[in-house]
Structure formats: structure tokens, C-alpha cells
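The primary structure of each chain is shown beneath.
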Amino acid sequence: MRIGSGYDSHRLVEGRRLIIGGVDIPFEKGLHGHSDADVLCHAIIDAILGALGEGDIGTHFPDTDSTWKDSSSIALLARTIELVKQHGFEILWIDSTVIAERPKLQPHIEMMKKNIAGVGIPSGTLNIKAKTNEGMGFIGSGEGIAAQAVCLLKSV
């Protein structure tokens, strides 16, 4: 078995859609990034790549490569799941947390799980939590959103 951890954060900016877990969440701002800046998918990708010993999201999907400009992070996650299979592993468990002061994410978690399950991560092996930062730091002041994830892999 192998375990990996992942983290991602992005600034909130005007003029972008807010995509988290593949869900387009109604909000006045979105996350700034090269792709759709989906912090949850990015943290999960990093956790999986960490467990595989395959670097990080920037190694596989660099922001210097126009191929990934405005890409769906759900699609990037699907490509990462293919790496899991190629390396002879399966996902046993992913636990993740999205940290955002606003908007409230709880109403969107089930759809996030469905979207992520749709790329090959069974919903029974995925946990998503939403937390605030109690008004502290860049998250608490509404400047950005972050996510953390851990992934447990098993050799098949």
C-alpha cells in the first residue's frame, strides 16, 4: 500500500466561473489559474501522484504548456486515474477537505462526488468535507480557496 497527500489553493477573481469538484457553483467570483483552477481536483491529483511517486500536478500538466490552458480538471483527474491503472494500483480511499469562507459548499458535495466518481473513483472510496477558515488568513478574508487530500493506493 502507498499513501500520498495533496494540497492546492487559488485566488478568487472576478470574471471566472467557480468550479470545484467539477461543479459550476454560482458565485460572484471564480478561481484564477491556468486550467479551470478546480482546487479539489488538483489536491486529489497531487495526492494520487504522491502515492504513485510520480511528482505533482505541475510535472504532468504544467502551466507553461498551452495544451492545458482552460482545461477541465475533471479531465486531468481522469488522465491521472489512467496512471494509477498503468502502475498496477487501485484507489482504496481518498479523504479531502475544501476550505472556503464563501460560498457554502455543503449543498454541492454530492454532485462533486458524482463528478469525481465518473472518472473512475468509486463514490464509496471518496470523502469530501467543506470547512471555513473562521475568518482567518487569505481564505477567511475571501481572497482564495484551498483544498487538501490524502489518497491510499493498493497494488493489484
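See the structure shown above.
Heads up: these notes are all about the structure in this document. (Residues numbered from 1 in each chain as written. Predicted model: local features only at pLDDT ≥ 70, side-chain atom pairs only at ≥ 80, totals over all residues. Heavy atoms only, no water.)

Broken down by element type, the chain carries five helices and seven strands. For the chain, the succession of helices and strands along the chain, N to C, is β-β-β-β-α-α-α-β-α-β-α-β. Dimensions of the chain, computed from C-alpha atoms along their principal axes, come out at roughly 45 × 35 × 25 Å. Residues classed as buried in the chain amount to 47% of the 156 residues present. When contacts within the chain are restricted to residue pairs at least 6 apart in sequence, long-range pairs at least 24 apart make up 73% of them. If you sum the accessible surface of the chain, you get close to 7,500 Å²; carbon and sulfur atoms cover 51% of it. Side-chain charges in the chain split into 15 positive and 19 negative, and the spacing between the mean points of these groups amounts to 4 Å. (Helix = DSSP H or I, 4+ residues; strand = E, 2+ residues; numbered from the N terminus. Buried < 20%, exposed > 50% of the residue type's maximum accessible area, 1.4 Å probe, protein only. Contact = heavy atoms within 4.5 Å. Areas by Shrake-Rupley, 256 points an atom, 1.4 Å probe, with all protein chains shown as cover. Lys, Arg positive; Asp, Glu negative; His and termini not counted. Charge placed at Lys NZ, Arg CZ, Asp CG, Glu CD.)

Another point: the packing of helix α1 (residues 39-52) against helix α3 (residues 73-86). Packing of α1 against α3 brings their axes to within 9 Å, and their N-to-C directions diverge by 15 degrees. One element, α1, and the other, α3, form an angle in the roughly parallel class. Considering the relative orientation of α1 and α3, their crossing is left-handed. Counting all contacts with α1, which are made through C41, H42, I44, I45, I48, L49 and L52, the residues of α3 involved are S73, I74, L76, L77, T80, I81, L83 and V84. Class assignment of the residues belonging to the contact of α1 with α3 gives a composition of 12 nonpolar, three polar and no charged. (Axes fitted to C-alpha atoms, helices over the stretch in contact; angles between N-to-C directions. Parallel < 35°, antiparallel > 145°, perpendicular 65-115°, else oblique. Left-handed = near helix turned anticlockwise from the far one by under 90°. Nonpolar A, V, L, I, M, F, W, Y, C, P; charged D, E, K, R; others polar.)

Turning our eyes to something else, we now look at the sheet that holds strand β6 (residues 126-131). Pairing between sheet strands relies on hydrogen bonds along the backbone, with the strands arranged either parallel or antiparallel. On the basis of which strands lie adjacent, the open sheet formed by five strands has the order β4-β1-β7-β5-β6 and mixed pairing. At either end of the open sheet lies a strand with only one pairing partner, and these are β4 (30-31) and β6. Note that strand β5 (residues 89-99) and β6 share six bridges and pair parallel. Bridging from a neighbouring strand, T97 pairs with K129 of β6. α3 contacts β5 and β7 (144-155) of the sheet and is inclined by roughly 145 degrees relative to β5. (Pairing = 2+ DSSP bridges.)

One finds I20, I44, I48, L77 and I121 to be the most contacted residues of the largest nonpolar core, which totals 45 residues. Looking at this core, the elements that each hand over two or more residues are β2 (18-20), β3 (23-25), α1, α3, β5, α4 (109-117), β6 and β7. For this core, the element with the most residues is α1, which contributes 11 residues. Ignoring sequence-local partners within four residues, the contact set of I20 consists of I25, L31, D38, L40, V98, L105, M112 and I145. (Core = buried A, V, L, I, M, F, W, Y, C linked by side-chain atoms within 4.5 Å.)

This next bit is on unusual backbone geometry. In this structure, P103 follows R102 across a cis peptide bond, with omega equal to -5 degrees. In this model, A37 sits at a positive phi of 65 degrees, which is unusual for a non-glycine residue. With respect to the secondary-structure elements, A37 resides in the loop between β4 and α1. Phi at E134 is positive, roughly 55 degrees, even though this residue is not glycine. Inspection of the secondary structure puts E134 in the loop between β6 and α5 (137-140). What makes E134 exposed here is its relative accessible area of 64%.

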